[in-house]
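Okay, here's what each chain looks like letter by letter:
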Amino acid sequence: MANPKVALVTGSNKGIGLAVVRALCKEFAGHVYLTSRDVGRGTAAVENLKAEGLKPSFHQLEITDSESVRAARDYFQEYYGGVDVLVNNAAIAFKMADTTPFGNQAEVTLKTNFFATRDMCNVFLPIIKPGGRVVNISSGLGSTALSKCSPELQARFRSDDITEEELVALMERFVKEAQEGVHKERGWPSTAYGVSKTGLTVLSRIHARRLRQGRPQDDILLNACCPGWVRTDMTGPNATKSPEEGAITPVYLALLPPGEKEPHGQFVSEKAVQPW
Ligand SMILES: NC(=O)c1ccc[n+]([C@@H]2O[C@H](COP(=O)([O-])OP(=O)(O)OC[C@H]3O[C@@H](n4cnc5c(N)ncnc54)[C@H](OP(=O)(O)O)[C@@H]3O)[C@@H](O)[C@H]2O)c1
């Protein structure tokens, strides 16, 4: 018997990730995994969805813990023969009022939003099944941060020949220069969250290119997106969208119909490809 289809969403015990799981439970023809770094918070969220009549499953997943990432990869490989839909949603953001020194904010933010998400991609991309969909939840603030980088940095981030190694070196350089207090004079904007999401959007473009070159027959579509400004613990109550509204674009990308060739390697907002 063929393996059932399976979708998994990182950091989905609350916020936009939880809303994506809720929508996938209704619209995706397969098993849907709510994942959380904390088993208690994750299983509580699963129970709440079950009380709504939905049937999500649960797996622990802490994206900064390589053992947790590999254990999850092995589980999905063993029980499902891979993954059909991966939504990389987990991320962090320091609050505006936080007084943590900028260099520390840069290190901590990039660790989760860029480096750990990159690990997730590199561990899971090989087991994404033919016809699979990968959605990296980035942010419009990554585009804003890009526009505030030096012309030299912008040219590299927009180029079609930037490699993952070069991107990683640039993200490491940002953290180092933020810690040394010289990031502004070296061409970076003063937003750790923004730069982390610039990096994630560029990483998505690189990985999409690699999939087209390495697995051209597999019709996998991988995109980055912005959910909009959404009322969650990350942003607070003043944002304009509900989590359900924020889930619309990620879910659209996760459920792009079989046979579609586009969008791929794009940054998508409000279901529309945005210029990069
Ligand atoms: N809200 C917005 O307006 C907005 C706008 C643009 C982009 N985004 C992006 O949308 C995504 C979801 O954000 P949100 O607003 O829903 O934020 P949120 O309510 O703060 O939820 C973030 C989720 O990520 C999880 N997480 C954080 N670090 C993790 C790790 N190392 N491993 C596993 N899970 C981890 C959190 O788990 P815990 O509960 O354990 O902390 C939580 O479940 C993020 O990528 C964010 O950058 C949000």
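In the nomenclature of an unreviewed UniProt entry, the chain corresponds to carbonyl reductase (NADPH) from the organism Clupea harengus. UniProt's Sequence similarities (unreviewed entry) comment on the chain is quoted here verbatim: "Belongs to the short-chain dehydrogenases/reductases (SDR) family."

Turning to the overall build of the chain, a few remarks are in order. A count of helical and extended segments in the chain gives 10 helices and eight strands. What you see for the chain is a C-alpha radius of gyration of 18 Å, in line with the 19 Å of a compact globule of 276 residues. Seen along its three principal axes, the alpha-carbon backbone of the chain occupies a region of about 60 × 40 × 35 Å. Buried positions account for 45% of the 276 residues belonging to the chain.

Reading across the sheet, the eight strands line up as E3-E2-E1-E4-E5-E6-E7-E8 and stay open at both edges, with mixed pairing between neighbours. In this open sheet, the two strands that pair with only one neighbour each are strand E3 (57–60) and strand E8 (272–274). Mean inter-strand twist for the sheet, computed between neighbouring axes without regard to direction, equals 30°. Relative to strand E4 (residues 83–88), strand E1 (residues 6–9) runs parallel, the two sharing three bridges. Residue Val-9 lies in a different strand from E4, and its bridge partner there is Val-87.

In the vicinity of the ligand there are 31 residues, among which Gly-11, Gly-15, Ala-90, Ala-91 and Thr-232 approach most closely. With three residues, the single largest contributor to the shell around the ligand is helix H1 (residues 15–27). Among the residues making up the shell around the ligand, the classes are represented as 14 nonpolar, 11 polar and six charged.

By size, the foremost hydrophobic cluster in this structure holds 73 residues, and its most contacted members are Ala-7, Val-20 and Leu-24. No other element matches helix H8 (residues 192–214), which puts nine residues into this core. If we skip the residues at most four places from it in the chain, Leu-24 touches Ala-7, Val-32, Val-251 and Ala-254.

The next thing to look at is the pairing of strand E5 (residues 128–137). Most of E5 sits out of view: seven of its 10 residues are buried. Bridge count between E4 and E5: five bridges; the pairing is parallel. Within the sheet, the bridge partner assigned to Leu-86 lies in E5 and is Val-134.

Between helix H5 (residues 140–147) and H8, the least distance of the axes is 7 Å, while the angle of their chain directions is 100°. Comparing the axis directions of H5 and H8 gives the class roughly perpendicular. Residues Leu-141, Gly-142, Thr-144, Ala-145 and Leu-146 of H5 touch H8, and the partners they reach there are Tyr-193, Gly-194, Val-195, Lys-197, Thr-198, Leu-200 and Thr-201. When its residues are assigned to classes, the contact of H5 with H8 shows six nonpolar, five polar and one charged.

As a further point, take the environment of Val-39. Tracing the chain through its elements places Val-39 in helix H2 (residues 39–51). Val-39 gets classed as exposed once you count the C-beta atoms within 10 Å, which come to 12. Along the chain, Val-39 and Phe-58 lie 19 residues apart, while their C-alpha atoms are 8.7 Å from each other.

Moving on, we get to the environment of Leu-18. Turning to its location among the elements, Leu-18 is positioned in helix H1. Separated by 28 residues in sequence, Leu-18 and Val-46 have C-alpha atoms that sit 9.3 Å apart. Non-local contacts of Leu-18, meaning those with residues more than four positions away in its chain, are made with Ser-12, Asn-13, Ala-45 and Pro-243.

Here H1 spans 19 Å end to end across 13 residues, near enough to the 18 Å set by a 1.5 Å rise per residue. In terms of burial, H1 is a largely internal element, 11 of the 13 residues being buried.

Here we take up the packing of helix H3 (residues 66–80) against helix H4 (residues 102–124). Close contact between H3 and H4 brings their axes to 10 Å; oriented N to C, the two are set at 30°. In this view, H3 runs roughly parallel relative to H4, as classed from their interaxial angle. For the pair H3 and H4, the crossing hand works out as right-handed. Where H3 abuts H4, its residues Ser-66, Val-69, Arg-70 and Arg-73 lie against Asp-119, Met-120, Val-123 and Phe-124.

About the criteria used
- Residues numbered from 1 in each chain as written.
- Predicted model: local features only at pLDDT ≥ 70, side-chain atom pairs only at ≥ 80, totals over all residues.
- UniProt positions renumbered as here; feature names shortened; annotations may be inferred.
- Helix = DSSP H or I, 4+ residues; strand = E, 2+ residues; numbered from the N terminus.
- Rg over C-alpha atoms; globule rule 2.2 N^0.38 Å.
- Buried ≥ 20, exposed ≤ 12 C-beta atoms within 10 Å, placed from the backbone.
- Pairing = 2+ DSSP bridges.
- Axes fitted to C-alpha atoms, helices over the stretch in contact; angles between N-to-C directions.
- Near = placed C-beta within 6 Å.
- Nonpolar A, V, L, I, M, F, W, Y, C, P; charged D, E, K, R; others polar.
- Core = buried A, V, L, I, M, F, W, Y, C linked by C-beta atoms within 7 Å.
- Contact = placed C-beta atoms within 7 Å.
- Parallel < 35°, antiparallel > 145°, perpendicular 65-115°, else oblique.
- Expected span 1.5 Å × (residues − 1).
- Left-handed = near helix turned anticlockwise from the far one by under 90°.

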